[in-house]
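Residues per chain are reported as follows:
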Amino acid sequence: MTPGVNRGWLLRLVIAFGFAQAAVSMARPAVSYRALALGADERAVGVIAGVYALLPLFAAVPLGRRTDHGRCAPLLPTGVVLISAGCALSGVAGSLWAMALWSGVMGLGHLCFVIGAQSLVARQSAPHEQDRNFGHFTIGASLGQLAGPVAAGALIGADMVRTSAVALVAAGAGGAVALTSLWRIEQAGAVKPRTARGDRVPVRGILRARGVPAGMLISVAVLSATDILTAYLPVVGEHRGIDPAVVGLLLSLRAAATIACRLVLTPLLRLLGRTALLTVTCLLAALLCAAVALPLPVPVLALVLAALGFCLGVGQPLSMTTVVQAAPPAARSTALALRLTGNRLGQVAAPATAGLIAGVAGVAAPFVMLGALLLASAGVAARTPARAVPGGSAADASAESVPSRTR
């Protein structure tokens, strides 16, 4: 089937991603609260949050290689099963080491699902539809990030050991619902014939493609901001006396603003173009992240998080398109996997670094670190012109005069 025809698969993928991401977004603050209840300090919370990304580091590129010349769909149910198992088993774990292990399983499942899903969007979308379709795809993630923290905040109460366990088991059950939307998700004829091993594009060649490193850095910065907000806002709330239910609502407000951003992404692209939009939103997000470190009243903090969520909504879908269009056609899934590897490196390093900074300078200091990272990504975005594609927006057409590097 021709890319761009029959978008029913995209709707089902968004629904599945919504349930899978809701499970992860519900589980991650619940893991933080359960770890605190079991005696963890800020450093231990950072380490457990980092282990979530550790196992996927070793699997991303092999999975991307396999997907470049095979089917995408089998990775989706595999990912859902691992997510659900990791959530539920984190809830029954009785030690911090066991929680770290099952957090890693959850992260591996999320990686499997996301590599399969992103490759599916890249393969089944026409070039001029990729910004839009990646934007719609990531609405599923935002919906999950909206529902998950609210559910966690509603379930977690004064008896934190018991209620956090209930929240984690519920997250596992909710994530399994994603399996019901994955029927006939991959179009017939979309699978490419397998390529001989010697014909594979080397990883170094992918990383040298103009636009790939920039897309990776922007993605790492945006994901690190989202990740540390999810893991450390509960810790900030504990120190400032903010109720867990209110923290859940604040995280969901951030996610709702991200959804709003992605619903208007196409008009924003027509107005500003990809380069300017990425630069402006990363710059604003840097300032807003630093503002979270201030002792703001809850209503003001809510406004800051809403604006931050809107700005962070741009980076992920546009960095996907940047990487897909910059990578060699035979290695797009591998390029997306490398982007996810960078994300996971950030998810290992950022929470661990945040834990160390929080232990020395206070729990709000990691948000200043995030501001600096987002400021660097804004500079990179400003120097990376968008690549024009057939049928692209008028704003992107200005990039046609920029010669693309021969690959």
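Reading the values: the criteria
- Residues numbered from 1 in each chain as written.
- Predicted model: local features only at pLDDT ≥ 70, side-chain atom pairs only at ≥ 80, totals over all residues.
- Heavy atoms only, no water.
- Helix = DSSP H or I, 4+ residues; strand = E, 2+ residues; numbered from the N terminus.
- Buried < 20%, exposed > 50% of the residue type's maximum accessible area, 1.4 Å probe, protein only.
- Contact = heavy atoms within 4.5 Å.
- Areas by Shrake-Rupley, 256 points an atom, 1.4 Å probe, with all protein chains shown as cover.
- UniProt positions renumbered as here; feature names shortened; annotations may be inferred.
- Salt bridge = Lys/Arg side-chain N within 4 Å of Asp/Glu carboxyl O.
- Patch = residues over 30% accessible without salt bridge, like charges linked within 9 Å, V, L, I, M, F, W, Y side chains within 5 Å.
- Core = buried A, V, L, I, M, F, W, Y, C linked by side-chain atoms within 4.5 Å.
- Domains from an automatic or database assignment.
- pLDDT = per-residue confidence, 0-100.
- Phe/Tyr/Trp six-rings, centres within 6.5 Å; stacked < 30°, edge-to-face > 60°.
- Lys NZ or Arg CZ within 6 Å of the ring centre and 35° of its normal.
- Disulfide = S-S within 2.5 Å.
- Axes fitted to C-alpha atoms, helices over the stretch in contact; angles between N-to-C directions.
- Left-handed = near helix turned anticlockwise from the far one by under 90°.
- Nonpolar A, V, L, I, M, F, W, Y, C, P; charged D, E, K, R; others polar.

Where an unreviewed UniProt entry is consulted, the chain appears under the name Integral membrane transport protein, with the organism given as Streptomyces gancidicus BKS 13-15.

Looking only at helices and strands, the chain features 15 helices and zero strands. Counting only residues that meet the buried cut, the chain has 59% of its 407 residues in that class. For the chain, the proportion of contacts with a sequence separation of at least 24, taken over those separated by at least 6, is 86%. Just so you have it, the chain exposes about 15,200 Å², and 69% of that area is on carbon and sulfur atoms.

This paragraph deals with the UniProt feature "transmembrane region" (unreviewed entry) in the chain. The positions UniProt marks with the feature "transmembrane region" (unreviewed entry) are residues 43–63, 75–93, 99–122, 134–158, 164–185, 214–233, 245–265 and 348–375. Summarising residues 99–122: 100% helix, 0% strand, and an end-to-end C-alpha distance of 34 Å. Taken end to end, residues 245–265 comprises 95% helix and 0% strand; its first and last C-alpha atoms sit 30 Å apart.

Taken as a whole, this structure holds one salt bridge when the rule is applied. Salt-bridge contacts for arginine 162 lead to aspartate 159; the nearest nitrogen and oxygen are separated by 3.5 Å.

A word on a nonpolar patch on the surface. Nonpolar side chains collect at one region of the surface, where Leu11, Ile15, Phe19 and Val177 lie side by side and expose about 320 Å² of accessible area between them. On the secondary structure map, leucine 11 appears in helix α1 (residues 8–37).

Ranked by size, the top nonpolar core spans 73 residues in total, and within it Leu305, Leu308, Leu312, Phe367 and Leu374 carry the most contacts. Here this core takes 11 residues from helix α9 (residues 212–240), the largest share from any one element. Domain assignment of the residues forming this core places at least three in each of domain 1 (8–187) and domain 2 (209–384). With residues near it in sequence (within four places) discarded, leucine 312 still touches Val222, Ala225, Thr226, Leu229, Arg262, Ala285 and Leu374.

The next point concerns the confidence of the model for the chain. In this model, the chain carries an average pLDDT of 79, and 86% of its residues clear a pLDDT of 70 or more. Ranking the elements of the chain by mean pLDDT puts helix α14 (residues 332–361) last, at 75, and helix α4 (residues 75–92) first, at 92. Here residues 193–198 is a poorly scored stretch, pLDDT under 50, and it has three contacts once near neighbours within four places are set aside; other chains count. In the predicted structure, residues 388–407 sits below a pLDDT of 50 and forms 33 contacts with residues beyond four places in sequence or in another chain.

Within the secondary structure, alanine 231 sits in helix α9. We classify alanine 231 as buried; its relative accessible area is 6%. In this structure the C-alpha to C-alpha distance between alanine 231 and alanine 30, which are 201 residues apart in sequence, comes to 9.1 Å.

What follows deals with the environment of valine 166. For valine 166, the position within the fold is in helix α7 (residues 160–176). Measuring from C-alpha to C-alpha, the distance between valine 166 and alanine 152 comes to 9.2 Å, with 14 residues separating the pair along the chain.

A word on the packing of aromatic side chains. Under the defined criterion, the tally for this structure stands at two aromatic pairs. Seen in terms of ring centroids, phenylalanine 17 and phenylalanine 113 are 5.6 Å apart; in terms of plane orientation they differ by 25 degrees. Their pairing is stacked. Within this pair, whereas phenylalanine 17 is found in helix α1, its partner phenylalanine 113 is found in helix α5 (residues 96–124), the two being separated by 96 residues in sequence. Judged by its relative accessible area of 4%, phenylalanine 17 falls in the buried class. Aromatic ring contacts, followed pair by pair, group Phe17, Phe113 and Phe137 into a single cluster. The positively charged end of arginine 12 is found above the aromatic ring belonging to tryptophan 183, 4.1 Å away from the centroid.

Bringing the side chain of threonine 334 into the picture now. Turning to its location among the elements, threonine 334 is positioned in helix α14. Once you skip the residues sitting within four places of it in the chain, threonine 334 turns out to touch Val61, Gly64, Arg65, Asp68 and Ile206.

A complete count under the given rule lists zero disulfides for this structure. No disulfide involves cysteine 282; its sulfur sits 8.8 Å from that of cysteine 311, the nearest cysteine.

Another aspect to go through is the packing of α1 against helix α6 (residues 130–155). Packing of α1 against α6 brings their axes to within 6 Å, and their N-to-C directions diverge by 35 degrees. Along this stretch, α1 crosses α6, giving a crossing that reads as right-handed. Where α1 approaches α6, its residues Leu10, Leu13, Val14, Phe17, Gly18, Gln21, Ala22, Ser25, Met26 and Pro29 are matched on the opposing element by Asn133, His136, Phe137, Gly140, Ala141, Gly144, Gln145, Gly148, Pro149, Ala151, Ala152 and Leu155. Broken down by class, the residue content of the contact of α1 with α6 amounts to 13 nonpolar, nine polar and no charged.

All right, on to the environment of methionine 160 then. With respect to the helices, strands and loops of the structure, methionine 160 is situated in helix α7. Excluding anything up to four places from it in sequence, methionine 160 contacts Tyr33, Ala37 and Glu238.

Another aspect to go through is the side chain of threonine 163. As for its position among the elements, threonine 163 is in helix α7. Judged by relative accessible area, threonine 163 falls into the buried class, the value being 7%. Beyond its immediate stretch of four places on either side in the chain, threonine 163 contacts Leu155, Ile156 and Gly157.

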